[in-house]
Structures are given as structure tokens and as C-alpha cells.
Number of protein chains: 2
Amino acid sequence: MKVRVHVMLKDGVLDPQGEAVRHALGSLGFSGVDAVRQGKVIELDLEDGTSDETIAEMCEKLLANTVIESYRFETI
Amino acid sequence: MKVRVHVMLKDGVLDPQGEAVRHALGSLGFSGVDAVRQGKVIELDLEDGTSDETIAEMCEKLLANTVIESYRFETI
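Residues numbered from 1 in each chain as written. Chains lettered and ligands numbered in written order. Predicted model: local features only at pLDDT ≥ 70, side-chain atom pairs only at ≥ 80, totals over all residues. Heavy atoms only, no water.

The name given to chain A in an unreviewed UniProt entry is Phosphoribosylformylglycinamidine synthase subunit PurS, with the source organism recorded as Ponticoccus litoralis. UniProt, in its Pathway (unreviewed entry) section for chain A, records the words "Purine metabolism; IMP biosynthesis via de novo pathway; 5-amino-1-(5-phospho-D-ribosyl)imidazole from N(2)-formyl-N(1)-(5-phospho-D-ribosyl)glycinamide: step 1/2." The Catalytic activity (unreviewed entry) field of the UniProt record for chain A holds the comment "N(2)-formyl-N(1)-(5-phospho-beta-D-ribosyl)glycinamide + L-glutamine + ATP + H2O = 2-formamido-N(1)-(5-O-phospho-beta-D-ribosyl)acetamidine + L-glutamate + ADP + phosphate + H(+)". (UniProt positions renumbered as here; feature names shortened; annotations may be inferred.)

(A) Seen up close, the relation of the copies chain B and chain A. Mapping chain B onto chain A is achieved by rotating through 180° and translating by 0.0 Å along the same axis, at an RMSD of 0.0 Å. Taken together, these values place the two copies in the relation of a two-fold axis. Among all C-alpha atoms of chain B, that of B:Lys40 lies closest to the rotation axis, at 2.3 Å. A shared interface surface links the copies, since 100% of the contact residues of chain B are contact residues in chain A too. (Least-squares fit on C-alpha atoms with pLDDT ≥ 70 in both. Contact = heavy atoms within 4.5 Å.)

This is how it looks when you write it as C-alpha cells:
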């Protein structure tokens, strides 16, 4: 089974990477870029029947730093 | 308008980050993790009416390294 995990910085957490991208887009001549947030997407090939609890545990223990990041996942 | 850009390594391109995550999940005791691919998700706040061509140009010029990465985007 294939699972896609989205990990983003929580609202309010400064995103220097996103700021750098916004700045770079501006210097490349792209106007109207108000904000940029960058996160991770992780695609997992898991054995069939892996439970949501196990996937959440993977996220909590490794894939996301839950102090500053939030995560969600979907089976694809 | 809000746009979400997904950037992933193209098939066949070695993903050392994904391999490291797979290995780490294994050492944390998670079995049945066959493969892991990691990419970027970039959320852009753009002025209304920004065209798909402009967004694609942002991807081609900055957000994705099109030699080894593929991208897709959606309005959210």
C-alpha cells in the first residue's frame, strides 16, 4: 500500500526557507508573491494492512518534528 | 489565490534522503517499509489571476530542478 505524508511547519513558526524562495522569486521578476511556505512530502511503500495508528506513530517518532511541524497522511 | 506545488524526484533517480528515512524507520522497529521517497511541497500565496503559465515558469526557473525533479501544482 502507498501512503503520502504531508509535513508542514505549524502556523506562526518562522519559515526561513519559504522566505528565501519568496525573495528569490521576486528577484527573478515574479511579482505578486505574497507568501511562501515550504514543507515535506514523503511517499511510503508499506506492506498491505499497515494501520493508521502505525503510520501516525511513524510520523510522531520520525517523519515530523511535532513541536514545530504538523502532519497529515493519505492512502494513494 | 493559494497554490500548492509538489516537487518529487523523477523515477529512477536515487533518493538518499528516502533511503535514510527507510533505514531509520527500520531501526525504530517499524517492519514492512518497502520504499520511501521524499520531496517538497511549496504553498504559494499569489495575487489573484496569476496564470498557470506563470506558475509553471516559477517551477521551471526556481522551485524544481527539472533535470532530476518533476513537479505538479494545484490551486487550493
